[in-house]
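Listed here are the chains, written in short residue letters.
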Amino acid sequence: MNGSRRLSPQEIADVLRERIRVGDLKAGDRLPTQAELAHEFDVERGAVRQALRALQDDGLLTDVSKGSPPRIAEPPAPAREEPQPTMVALAPRLTEAFSAPHVRIDAACLTSESLIPALGEPLRLIHGGSIRPERIDVRILLPSRDINLAFPVPVDGRSDDDPVHQRWLAMRNAQGHVLRHNLLTLRTHGVDVNVTFRALPFTPPVKLYLLNGSEALMAYYMVERREEPTEDGTLDMYDVLGTESLLFSFEKAAGRRDAAFVEESQKWFDALWETITSDLTLS
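Residues numbered from 1 in each chain as written. Predicted model: local features only at pLDDT ≥ 70, side-chain atom pairs only at ≥ 80, totals over all residues. Heavy atoms only, no water.

S.K.: It is not clear to me how helix 3 (residues 45–57) should be interpreted in this structure. Could you clarify?
M.R.: In an α-helix there are 3.6 residues to a turn, and that puts residues three or four apart on one side. With 13 residues, helix 3 ought to run about 18 Å at 1.5 Å a step, and its terminal C-alpha atoms sit 18 Å apart, in line with that. All buried positions along helix 3 are accounted for by Ala47, Val48, Ala51, Leu52 and Leu55. Seen end-on, helix 3 carries its buried residues on one side only, within an arc spanning 135°. For helix 3, the secondary structure elements touched by its buried residues are helix 1 (9–22), helix 2 (34–41) and strand 1 (61–62). Positioned one or two residues after helix 3, glycine 59 has a phi angle of 80°, which is positive. (Helix = DSSP H or I, 4+ residues; strand = E, 2+ residues; numbered from the N terminus. Expected span 1.5 Å × (residues − 1). Buried < 20%, exposed > 50% of the residue type's maximum accessible area, 1.4 Å probe, protein only. Arc of directions from axis to C-beta. Contact = heavy atoms within 4.5 Å.)

S.K.: Help me out: how do you make sense of the nonpolar core in this one?
M.R.: Taken as a class, soluble globular proteins show a tendency for nonpolar side chains to be buried jointly. In this structure, Phe98, Ile136, Ile140 and Leu183 are the most contacted members of the largest nonpolar core, which totals 44 residues. Here this core takes five residues from helix 4 (residues 86–97), the largest share from any one element. Ignoring anything within four residues of it in the chain, the contact list for isoleucine 140 reads Ala107, Cys109, Leu115, Leu179, Thr196, Phe197, Arg198 and Trp273. (Core = buried A, V, L, I, M, F, W, Y, C linked by side-chain atoms within 4.5 Å.)

S.K.: What's the story with unusual backbone geometry in this structure? I'm lost.
M.R.: With glycine set apart, most residues show a phi of negative sign, and most peptide bonds adopt trans. A cis amide bond links phenylalanine 151 to the next residue, proline 152, at an omega of -5°. For proline 152, the location among the structural elements is in the loop between strand 5 (135–143) and strand 6 (153–154). Of note, the phi angle at aspartate 42 is positive, near 55°, even though the residue is not glycine. Among the secondary structure elements, aspartate 42 is positioned in the loop between helix 2 and helix 3. The exposure class of aspartate 42 is partly exposed, given its relative accessible area of 42%.

As far as function goes, none of this settles anything; it's purely spatial.
Right, here's the structure in full:
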């Protein structure tokens, strides 16, 4: 720093802050020593110490008092919202995902009950011309019709003509048809849309949504006993209310821990899709 006027501590801090912003100084890097910085800026070491204290107060430095030069701090993780019920939390996350040119949605769930209303807003925006993705690929894993589901099941046990299973199967197929139809209507706007279902050989204990390879949303299925009136009486069963399950979000941009969860969840989904699942026909 060559000039007739010496820089103030605040100006030195601003120079170092800019080096951090543009990446010349990265998280984990050590700063030069105070003596080296004093020589570079042609100031007294006291001015350097004041500049470093300002950077420390901003949360940009760590290990400030350990005797050796401080390190550049990791950027703070973005603020995280508290988990919300699936019916509340899923729609805004899908709307944001659909703003990408290539939308990729992978889901493993018991039915499409939560997906259908959550897709309402992004589909409305596409039909209205507010957003216009070029391509949409949706892959959905649902339990096979041929397995003995862990839930929903009758409280008194299964029978050859299990009304609880038939009720679930009718819901799975009807909701799948609605979901596919709603998405394929986007082809009228020139969007390349692909929707594929495959059958799981087990009951998923959680619901998982993977959005554009950058975010994973997960909720636990909470099993409870409930009764549902029918034309022939009442179904007494162990069932889940998936729309009320709390949805937890993990984003790659939130740090290494979240990024690892997103990546491993995607690997898990891809492995199921390519190995033990089978073709699913919505009858």
